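# Report on the structure
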Amino acid sequence: MGCVTYERITKHRRLLVNRINPSRRKRNCRTRELVRLRPDCYVPRREWEKLRAEDRHILRALAVYEGQERTDAVLSHVSAALIHGLPVWDIPLDQVHITRCGVTGARSERTRRVHVTTLAVRHVTTCAGIRVTSAARTVVDIARTVPFEQAIVVGDAAMRSGLVTRDALHEVLSDLGGAHGIGEARKAVKFLSERSESVGESRSRVLFHAFGLHPQSQVRIIDGSGRFIGRVDFLFAPGVIGEFDGLSKYGALLRPGESASDAVVREKLREDALREAGWIVIRWTWADLREPERLIARILEALDRAAKLPPPRGISMVGD
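Just so it is clear, the model here is predicted, and its values are computed rather than measured. (Residues numbered from 1 in each chain as written. Predicted model: local features only at pLDDT ≥ 70, side-chain atom pairs only at ≥ 80, totals over all residues. Heavy atoms only, no water.)

## Notes on the sheet that holds strand β3 (residues 41–44)
Threshold: At least two bridges found by DSSP between two strands is the condition for calling them paired. Think of it this way: any DSSP run of H or I at least four residues long counts as a helix, any run of E at least two long counts as a strand, and we number them from the N terminus.
Spatial strand order, β1-β3-β2: three strands in an open sheet with antiparallel pairing. Looking at the sheet topology across the chains shown, the edges are occupied by β1 (17–18) and β2 (34–38). Where β1 and β3 come together, two bridges link them in antiparallel fashion. Within β3, the residue paired with V17 across the bridge is Y42.

## Let's talk about helix α10 (residues 199–210)
Rule in force here: Every helix has an expected span of 1.5 Å times one less than the residues it contains. Think of it in three bands: residues with accessible area under 20% of the maximum for their type are buried, residues over 50% are exposed, and the middle band is partly exposed, with areas taken using a 1.4 Å probe on protein chains only.
Under the 1.5 Å per step criterion, the end-to-end length of α10 is 17 Å for twelve residues, consistent within 8% with the ideal 16 Å. Every buried residue of α10 is accounted for by V199, G200, E201, S202, R203, S204, R205, V206, L207 and F208. Downstream of α10 by one or two residues, G212 has phi in the positive range, about 80°.

## Some points on the sheet that holds strand β12 (residues 240–244)
As a reminder, the rule being used: As a rule, the C-alpha atoms of each element are fitted with a line to give its axis, helices using only the stretch in contact, and angles between N-to-C directions run from 0 to 180 degrees. Contacts were defined at the residue level, with two residues in contact if any of their heavy atoms lie within 4.5 Å.
Strands sit in the order β13-β12-β11-β10-β14 across an open sheet of five strands; the sheet is mixed. Both edges of this open sheet fall to β13 (280–284) and β14 (315–318), since each of them pairs with a single strand only. The average angle at which neighbouring strand axes cross in this sheet is 45°, direction not considered. In terms of strand pairing, strand β10 (residues 216–222) meets β14 through four bridges, oriented antiparallel. Bridging from a neighbouring strand, V219 pairs with V318 of β14. The strands touched by α10 within the sheet are β10, β11 (228–236), β12 and β13, with β11 carrying the most contacts at an inclination of about 45°. This element, helix α14 (residues 292–307), spans β11, β12 and β13 of the sheet and lies at about 175° to β13.

## Notes on the layout of surface pockets
Any space left empty among the atoms is revealed by the rolling of a water-sized probe across them. To be explicit about the condition: With a 1 Å grid spanning the protein atoms alone, the term cavity applies to any set of points in which a 1.4 Å probe fits but cannot get out, the term pocket to an open set with protein on both sides within 12 Å along at least five of seven lines, and the term lining residue to any residue with an atom within 4 Å of a point. Grid points are joined across faces, edges and corners, and a volume is the space filled by probe spheres set on the points. Gly is placed with the polar residues, together with every amino acid not listed as nonpolar (Ala, Val, Leu, Ile, Met, Phe, Trp, Tyr, Cys and Pro) or charged (Asp, Glu, Lys and Arg).
By volume, the second largest pocket amounts to about 450 Å³. Lining of the second largest pocket is provided by 22 residues; of these, H77, H97, R113, H115 and T145 occupy positions nearest its centre. Mapped by element, the contributors of at least two residues to the lining of the second largest pocket are α5 (77–83), β7 (112–117) and α6 (135–145). Of the residues forming the lining of the second largest pocket, the biggest block, five residues, is contributed by β7. Classifying every residue of the lining of the second largest pocket by side-chain character gives ten nonpolar, seven polar and five charged.

## Notes on the nonpolar core
Which entries qualify depends on this criterion: The definition of a nonpolar core used throughout is a set of buried Ala, Val, Leu, Ile, Met, Phe, Trp, Tyr and Cys residues joined through side-chain atoms within 4.5 Å.
L75 and L169 are the most contacted members of the largest nonpolar core, which has 59 residues in total. With seven residues, helix α4 (residues 53–67) is the single largest residue contributor to this core. Setting aside residues up to four positions removed in sequence, L169 forms contacts with A136, V139, V140, M159, V164, V189 and L192. Grouped together as the second largest cluster of nonpolar side chains are 17 residues, I282, L289, L295 and L303 included.

In structure tokens form, the structure reads like this:
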């Protein structure tokens, strides 16, 4: 997590084809071998089609940024978030976002959106050679303009990676005063947590909050003899543990020299130890987040079951 590297930006820049001659432009009308990003800036279609949506947006952002005439404009909102290396789950990527100081001139085009607003010097940074809004300003701008759940995904990741602090976010909120959407941004900043370790965990926190559940995140579990069993994603009192299973989770758990199957076996042994110590373990996936009522019903049923059982043996502690 962190600012997109110079190497990655350089790799993207090398894909850009600028100022093609009239004959090639005419030929491209027939062959479509080049994808047009802005007037006189293209990328080979064979390379474009290999890219993820996020990388396509970064390429468009580079084309827009390097083709602009104003020197005070910076990449912002979702475009800045991608340059900072933040996840942008379910945020539209069809428009490159630019922000500049002023009171007039804001506009929304098919592939570009220009924001005109207050932009303090401390709200701007250079990341991989590109002028972008600072991580804190980026998180607040996103929280002002996208739904709560998407804003939390971005903000949690920025907190977890150390790109922002809560004080820095509050400073930006104060600087923006009564800007459009600032109330929603304040709600999001208050809810952010550095303890969510993935997009799925952030989305799960939002879901639990909506249903009035407030589990602790990233909790260490110790058994009755004082032995550390493991750290769990969520702890619901009394006695219920929640674990989000994303597709990349077991890859992230790999230790040096381990295979994916080794990580799966180790995770199973950890869960067996949790159950033997008296904990009820509930797991869910991306698909379960699309059926929130069913997931919440499972958790409530587990809580009801746990209330009728003896308390787990051992203790739980928030912290690494």
